[in-house]
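Each chain is listed here by its residues.
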Amino acid sequence: QVQLVESGGGLVQSGGSLRLSCAASGSIFSINRMGWYRQAPGKQRDLVAVITSGGSKNYEDSVKGRFTISRDDAKNTVYLQMNSLKPEDTAVYYCNARAGDTTLNMYYYWGQGTQVTVSS
């Protein structure tokens, strides 16, 4: 089992910045990928950024150049630094972890979500 706790959301003006944190606990040794998703009212949950256990990063096109995903292995924490925020970034942001076992089964875990609201 993996537990994820997100923090750092809030209300910010357009052009401002926020840093989201996701602290992982439990069977963290099995995690091979972590990422951030977001979901606005009436829309599906979409991938924002991912980082693999090897450190590779990928971003959704609309956040490239503005958002940065990173990790601190000593703290078992993944961050999402969000700069130049736009009203269209308003959503609930969810941390996700993918874990595998020795038989190559994959498991997916989610945080509770943190609200990000960008005012214009």
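Structure first, text after, so check above.
What you see as residue numbers is a count from 1 along each chain, following the sequence as written. Totals for whole chains, interfaces and linings use every residue, but because this is a predicted model, local features are given only for residues with pLDDT of at least 70 and side-chain atom pairs only at 80 or more, for both listing and counting. Side-chain metrics in this entry use all non-hydrogen atoms of the structure; hydrogen atoms and water are not considered.

*Asks:* Honestly, the packing of aromatic side chains in this entry has me stumped. Any pointers?
*Replies:* When two rings of Phe, Tyr or Trp (its six-membered ring) have centres within 6.5 Å they constitute a pair, described as stacked for plane angles under 30 degrees, edge-to-face for angles over 60, and tilted for the intermediate range. In the structure shown here, the tally under the stated rule is 1 aromatic pair. Measuring from ring centre to ring centre gives 4.9 Å for Tyr37 and Trp110, while their planes differ by 70°; the resulting arrangement is edge-to-face. Pair noted here: Tyr37 is in strand β4 (residues 31–39) and Trp110 is in strand β10 (residues 106–110), with a separation of 73 residues, a long-range link. Between buried and exposed lies partly exposed: a residue is buried under 20% and exposed over 50% of the maximum accessible area for its type, with that area taken using a 1.4 Å probe on protein chains only. We classify Tyr37 as buried; its relative accessible area is 15%. Seen from the ring of Tyr94, Arg45 lies directly overhead, with NZ or CZ sitting 3.7 Å from the centre. Only when the NZ atom of a Lys or the CZ atom of an Arg is both within 6 Å of the ring centre and within 35 degrees of the ring normal do we say a charge sits over the ring. For Arg45, the ring lying beneath its charged end belongs to Trp110, and the centroid distance is 4.7 Å. Secondary structure elements are defined from DSSP: runs of H or I of at least 4 residues count as helices, runs of E of at least 2 residues count as strands, and each element is numbered from the N terminus.

*Asks:* Honestly, the pairing of strand β7 (residues 67–72) in this entry has me stumped. Any pointers?
*Replies:* Successive residues of a regular strand alternate their side chains across the two faces of the sheet. By this definition, two strands are paired if DSSP reports at least two bridges between them. Direction of pairing for β7 relative to strand β8 (residues 77–82): antiparallel, over a ladder of 6 bridges. Its bridge partner being in β8, Phe67 is matched across the sheet by Met82. The turn linking β7 back onto β8 is made up of 4 residues, and Asn76 within it adopts a positive phi angle of 50°.

*Asks:* Would you explain the state of the cysteines in this entry?
*Replies:* Throughout this description, disulfide means a covalent bond between two cysteine sulfur atoms. We call a pair of cysteine sulfur atoms a disulfide whenever their separation is within 2.5 Å. On inspection of all chains with the given rule, the structure shows 1 disulfide. The disulfide bridge from Cys22 ends at Cys95, spanning 2.0 Å between sulfur atoms. When the S-S torsion is -85°, as for the bridge of Cys22 with Cys95, the disulfide is left-handed. Separated by 73 residues along the polypeptide, Cys22 in strand β3 (residues 18–26) and Cys95 in strand β9 (residues 91–100) bring together distant segments of the chain. As far as burial versus exposure is concerned, Cys22 and Cys95 are alike and both buried.

*Asks:* Could you clarify how one ought to interpret the pairing of β4 in this entry?
*Replies:* Counting buried positions over the 9 residues of β4 gives 8, a clear majority of the element. Relative to β9, β4 runs antiparallel, the two being bridged by 8 bridges. In the strand pairing of β9, Met34 is matched with Ala97. The pairing of β4 with strand β5 (residues 46–52) spans 6 bridges and is classified as antiparallel. Residue pairing in the sheet places Trp36 in a bridge with Ala49 of β5. Counting the residues that bridge the hairpin from β4 to β5 gives 6 residues, and of these Gly42 lies at a positive phi of roughly 80°.

*Asks:* Quick question: what am I supposed to make of unusual backbone geometry here?
*Replies:* When glycine is set aside, most residues are seen to have a negative phi, and most peptide bonds are trans. One non-glycine residue, Ser84, lies in the positive phi region at around 50°. Within the fold, Ser84 resides in the loop between β8 and β9. Positive phi, close to 70°, is recorded for Leu104, a residue that is not glycine. Within the fold, Leu104 resides in the loop between β9 and β10. Classification of Leu104 as exposed rests on a relative accessible area of 73%.

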